[in-house]
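Descriptive analysis of the structure
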Amino acid sequence: MAATGVTACGSPETQDATRVAQRFARAVDTSGAAAACADLAPATRSELEQSAGKRCPAAILEQHLPHTGAVRSATAYGTMAQVRLRGDTLFLARFQGGWKVMAAGCSPKAGHPYDCTLQGG
Amino acid sequence: MRRFVKESSLSLFFGAIFVAALAGQAFSGWHQFNDAQLAANLGLVSFGRYLTSADFVADVAENWQSEYLQFLLYIAATVWFLQKGSPESKEPGKGGLESDEDQKVGEHARPDSPAWARAGGARTLVFSWSLTGVMGLIFLGSWFAQSLGGWAAFNETRLQRLQDPLAWGQYVTNADFWSRTLQNWQSEFLAVGSMAVLSIYLRQRGSPESKPVGEPHASTGTDE
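Residues numbered from 1 in each chain as written. Chains lettered and ligands numbered in written order. Predicted model: local features only at pLDDT ≥ 70, side-chain atom pairs only at ≥ 80, totals over all residues.

Here's the deal with the overall build of chain B
Let me state the cut-off plainly: Here a strand is any run of E in DSSP of at least two residues, a helix any run of H or I of at least four, and the numbering for each starts at the N terminus. Atoms counted for the radius of gyration: C-alpha only. Globule rule: 2.2 Å times the number of residues to the power 0.38.
Along chain B, the regular secondary structure elements total 10 helices and zero strands. Reading chain B from its N end, one meets helices and strands in the order α-α-α-α-α-α-α-α-α-α. A globule of 224 residues ought to have a C-alpha radius of gyration of about 17 Å, yet chain B, at 23 Å, is considerably larger. The C-alpha extent of chain B, read off along each of the three principal axes, is 65 × 40 × 40 Å.

The following block contains the structure:
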């Protein structure tokens, strides 16, 4: 399965993505703006700064991302992962430095992509 | 060694161009993948990681399965279906599995026939179908690999678009799987069907896939 780019729930890839998603959510919950910004994908960070007209640490806490709880599920396919936490669904992308949050504050919309408070351009 | 190369030049030639083409596909596919990643503001992957990626597995397996299906169908279809004038066909009236005498099996085997052709019973039955059997297994294995690779690659794209991934069972009934599959099948069926028909009227001097240049158009089979 690993040779097809699919990684199961307990695989190292999925565990790494889950760890980053939890670290990001914890930073948001505890107002750790700088830490949360460090886990954002470059395009997501620049989209946030552009739309808010201020630097990421000042802008991210104004996004009112939902408070999150335990991990409900996590899956990774190649360079992408989805981590569902209680209260939020996050999409992550793998870069050379590791997993980064591409979208957060995401709610499902039947038949359409998730509607996300924070996402890359 | 020299003799081996001379006697096996056909398989060595195809083995060599296969490896070269696969290497070229891997290298160009890696660049194409990273171009798409760059355009989507996503991370680049190393060549090693690309070789184990869903994208590469799906691209390789979808072509393999269709090629093996093509030859599997051609081998099996030419048992029963005929094409008058084609060197790829048996003569009219000879459709079917043929007699044991024609096939040199059991008591009709020659001293130098393969042991399983002489043995009779289950072993001769298995050996009689071994070519289609192995081709069929490779086809099914490649098609299954395509389904896994295609599924993972499709889900990777879905996640980029902020959509939920699909289960494997959903993917194999999805248009992406059937589009990848049928676009390969139709081209294989066209190529093999047109070869059967074109070889009635056209020739390639020296090729066993063609009738001799002076053979009449109406002659069927290669032995005439």
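And the narrative resumes.
Re the overall build of chain A
The following threshold applies: Working definition of burial: number of other C-beta atoms within 10 Å of the residue's own, with buried at 20 or more, exposed at 12 or fewer, and partly exposed in between, all C-beta atoms being placed from the backbone. What counts as a contact here is a pair of residues whose C-beta atoms, placed from the backbone, lie within 7 Å.
A count of helical and extended segments in chain A gives four helices and six strands. Taken from N to C terminus, the helices and strands of chain A fall in the order β-α-α-α-α-β-β-β-β-β. If you line up chain A on its principal axes, its C-alpha atoms span 45 × 30 × 30 Å. Taken across its 121 residues, chain A has 45% of its residues classed as buried. Residue pairs at least 24 apart in sequence account for 45% of intrachain contacts in chain A once pairs closer than 6 positions are excluded.

A few points about the domain arrangement of chain B
Residues and elements named next belong to chain B. Definition in use: The split into domains, and so the bounds of each, comes from an automatic or database assignment of domains. The classification used treats Ala, Val, Leu, Ile, Met, Phe, Trp, Tyr, Cys and Pro as nonpolar, Asp, Glu, Lys and Arg as charged, and all other residues, Gly among them, as polar.
Assigned domains of chain B: these are domain 1 (1-52) and domain 2 (54-224). Centre-to-centre separation of domain 1 and domain 2, based on C-alpha positions: 24 Å. Domain 1 puts six residues into the contact, and the matching count from domain 2 is four residues. Listed by contribution, the elements that provide at least two residues to the side of domain 1 that touches domain 2 are helix H2 (9-39) and helix H3 (47-51). For the side of domain 1 that touches domain 2, the leading source of residues is H2, giving three residues. Partitioning the side of domain 1 that touches domain 2 into residue classes produces five nonpolar, one polar and no charged.

Here's the deal with the nonpolar core
Soluble, globular proteins show a tendency: their nonpolar side chains are buried together. What counts, and what does not: The term nonpolar core refers to a group of buried residues, namely Ala, Val, Leu, Ile, Met, Phe, Trp, Tyr and Cys, whose C-beta atoms join them within 7 Å.
With 49 residues, the main nonpolar core has Ala17, Ala21, Leu90, Leu92, Val101, Ala103 and Ala104 of chain A as its most contacted residues. Residue assignment places this core across two domains, with domain 1 (1-52) and domain 2 (54-224) of chain B each supplying three or more. By size, the runner-up hydrophobic cluster in this structure holds five residues, among which are Tyr68, Leu69, Leu72 and Met135 of chain B.

Regarding the packing of helix H4 (residues 54-80) of chain B against helix H10 (residues 175-201) of chain B
Any two packed helices are characterised by the angle at which their axes cross and by the distance between the axes. Residues and elements named next belong to chain B. Just so we agree on the cut-off: Note on geometry: axes are lines fitted to C-alpha atoms, helical ones only across the stretch in contact, with angles between N-to-C directions running from 0 to 180 degrees. The handedness criterion is simple: a crossing whose near helix is rotated anticlockwise from the far helix by less than a right angle is left-handed, and one whose near helix is rotated clockwise is right-handed.
Running from amino to carboxyl end, H4 crosses H10 at an angle of 40°, the nearest separation of the two axes being 9 Å. Our pair here, H4 against H10, has a crossing hand that is right-handed. Contact residues: Glu62, Asn63, Ser66, Glu67, Leu69, Gln70 and Tyr74 in H4; Arg180, Thr181, Asn184, Trp185, Glu188 and Val192 in H10. Residue classes in the contact of H4 with H10 are distributed as four nonpolar, five polar and four charged.

Thoughts on the pairing of strand E5 (residues 98-109) of chain A
Looking along a regular strand, one sees the side chains alternate between the two faces of the sheet. Residues and elements named next belong to chain A. Quick reminder of the rule: Between any two strands, pairing holds if DSSP finds at least two bridges.
Two elements, strand E4 (residues 88-95) and E5, share six bridges in a ladder whose sense is antiparallel. Directly across from Ala93, in E5, lies its bridge partner Lys100. With antiparallel pairing between neighbouring strands as the criterion, E4 and E5 make up a hairpin whose turn holds two residues. Hairpin remark: E5 followed by strand E6 (residues 112-119), antiparallel, with two residues in the connecting loop; positive phi at Gly111, about 75°.

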